[in-house]
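Each chain, written out:
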Amino acid sequence: MYVVKSPLPDADLKTVSEALQGALVDLVDLSLVAKQIHWNVVGPRFRTVHLQLDEVVDTARLHSDTVAERAATLGVSPDGRAATVAGSSGIGKVPDGWVKDTDAVGTLVDALGAVITRMRARVESTAEADPVSQDIFIEITADLEKHHWMFQAENG
């Protein structure tokens, strides 16, 4: 059922809705992964990493809302339910329990790298279908790449 009618042709809407849903899942999971590690990080750089993780959480939550609202704007119901996120996120398994600061940084480098790779594919897939959504993906990618750089610099 479509409550809101999209201005996009059906083929373009399919491409864009898949990209938006995938981005939503990845961003929700990224916020959860960063928060999980935030609660469990230990080590000499605890405070620095702890605070840096919250910056990632804030970025992921901000962008997940933008992505979900873009989907709704196009008449597509966004799905951020836990089962959906768990079943289709591109982020690998994160450690449980206490996480040494260097391992926490490495985990975030990997998680951000995975999301960035998928986000860049979305930038490409939406170029013709919907430049408006593409612009959102470009902005998200730029923000995530900045976090990626900063976490990589943490472990040198």
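How each quantity is defined
Residues numbered from 1 in each chain as written. Predicted model: local features only at pLDDT ≥ 70, side-chain atom pairs only at ≥ 80, totals over all residues. Heavy atoms only, no water. UniProt positions renumbered as here; feature names shortened; annotations may be inferred. Helix = DSSP H or I, 4+ residues; strand = E, 2+ residues; numbered from the N terminus. Rg over C-alpha atoms; globule rule 2.2 N^0.38 Å. Contact = heavy atoms within 4.5 Å. Areas by Shrake-Rupley, 256 points an atom, 1.4 Å probe, with all protein chains shown as cover. Lys, Arg positive; Asp, Glu negative; His and termini not counted. Charge placed at Lys NZ, Arg CZ, Asp CG, Glu CD. Salt bridge = Lys/Arg side-chain N within 4 Å of Asp/Glu carboxyl O. Buried < 20%, exposed > 50% of the residue type's maximum accessible area, 1.4 Å probe, protein only. Axes fitted to C-alpha atoms, helices over the stretch in contact; angles between N-to-C directions. Parallel < 35°, antiparallel > 145°, perpendicular 65-115°, else oblique. Left-handed = near helix turned anticlockwise from the far one by under 90°. Core = buried A, V, L, I, M, F, W, Y, C linked by side-chain atoms within 4.5 Å. Expected span 1.5 Å × (residues − 1).

The chain is annotated in an unreviewed UniProt entry as Dps family protein from Streptomyces heilongjiangensis. The UniProt entry for the chain carries this comment under Sequence similarities (unreviewed entry): "Belongs to the Dps family."

**Student:** Would you mind going over the overall build of the chain with me for this structure?
**Tutor:** On a plain count of helices and strands, the chain comes out with five helices and two strands. Counted from the first residue to the last, the chain has its helices and strands arranged as α-β-α-α-β-α-α. The C-alpha atoms of the chain give a radius of gyration of 16 Å, which matches the 15 Å a tight globule of 156 residues would have. A separation of at least 24 residues holds for 83% of the contacts in the chain among residues at least 6 apart in sequence. As displayed, the chain offers around 8,200 Å² of accessible surface, 56% of which is attributable to carbon and sulfur atoms. Mean positive and mean negative side-chain charge positions of the chain (14 and 23 charges, respectively) differ by 4 Å.

**Student:** Please clarify how the pattern of salt bridges should be interpreted in this entry.
**Tutor:** Two side chains with opposite charge may pair up if their charged atoms get near one another. Taken as a whole and judged by the stated rule, the model has ten salt bridges. In this structure, Asp101 engages Arg45 in a salt bridge whose closest nitrogen and oxygen atoms are separated by 3.7 Å. Here Asp101 is found in helix α4 (residues 101–125), whereas its partner Arg45 is found in the loop between β1 (41–42) and α2 (46–73), with 56 residues between them in sequence. Where Glu154 meets Arg45, a salt bridge forms, and the shortest distance between an N and an O atom there is 3.0 Å. Taken together, the residues Glu154 in helix α5 (residues 131–155) and Arg45 in the loop between β1 and α2 connect sequence positions 109 residues apart. Residue class for Glu154 comes out partly exposed when judged on its relative accessible area of 23%.

**Student:** Before we go on, may I ask you to explain the packing of helix α1 (residues 10–40) against α2 in this structure?
**Tutor:** Helices that pack against each other are described as a pair by the angle of their axes relative to one another and the distance between those axes. For the pair α1 and α2, interaxial distance at closest approach is 8 Å and the crossing angle is 160 degrees. As the angle between them shows, α1 and α2 are arranged roughly antiparallel. As for the relative orientation of α1 and α2, their crossing is left-handed in sense.

**Student:** When you look at the UniProt feature "domain: Ferritin/DPS" (unreviewed entry) in the chain in this model, what are you seeing that I'm missing?
**Tutor:** According to UniProt, the "domain: Ferritin/DPS" (unreviewed entry) feature falls on residues 18–153. The straight-line gap between the two end C-alpha atoms of residues 18–153 is 33 Å; of that span, 78% is helix and 3% is strand.

**Student:** Where do I start with the nonpolar core in this structure?
**Tutor:** Side chains of nonpolar character tend, in soluble globular proteins, to be buried together. Among the nonpolar cores identified, the biggest contains 45 residues, and Leu30, Leu108 and Leu144 are the most heavily contacted of them. Only α1, α2, α4 and α5 provide two or more residues apiece to this core. A total of 13 residues in this core trace back to one element, the largest contributor, which is α1. If we skip the residues at most four places from it in the chain, Leu144 touches Leu27, Leu30, Thr59, Leu112, Val115, Ile116 and Met119.

**Student:** Would you take a moment to explain α5 for this structure?
**Tutor:** Two residues of an α-helix separated by three or four positions point the same way, owing to the 3.6 residues in each turn. In this model, α5 (25 residues) spans 36 Å end to end at C-alpha, consistent with the 36 Å of a helix rising 1.5 Å per residue. Considered for burial, the residues of α5 that qualify are Ser133, Gln134, Ile136, Phe137, Ile140, Thr141, Leu144, His147, His148 and Phe151. If you follow the buried residues of α5, they end up packed against α1, α2 and α4. Note on α5: the residue one or two positions beyond its end, Gly156, has a positive phi of about 55 degrees.

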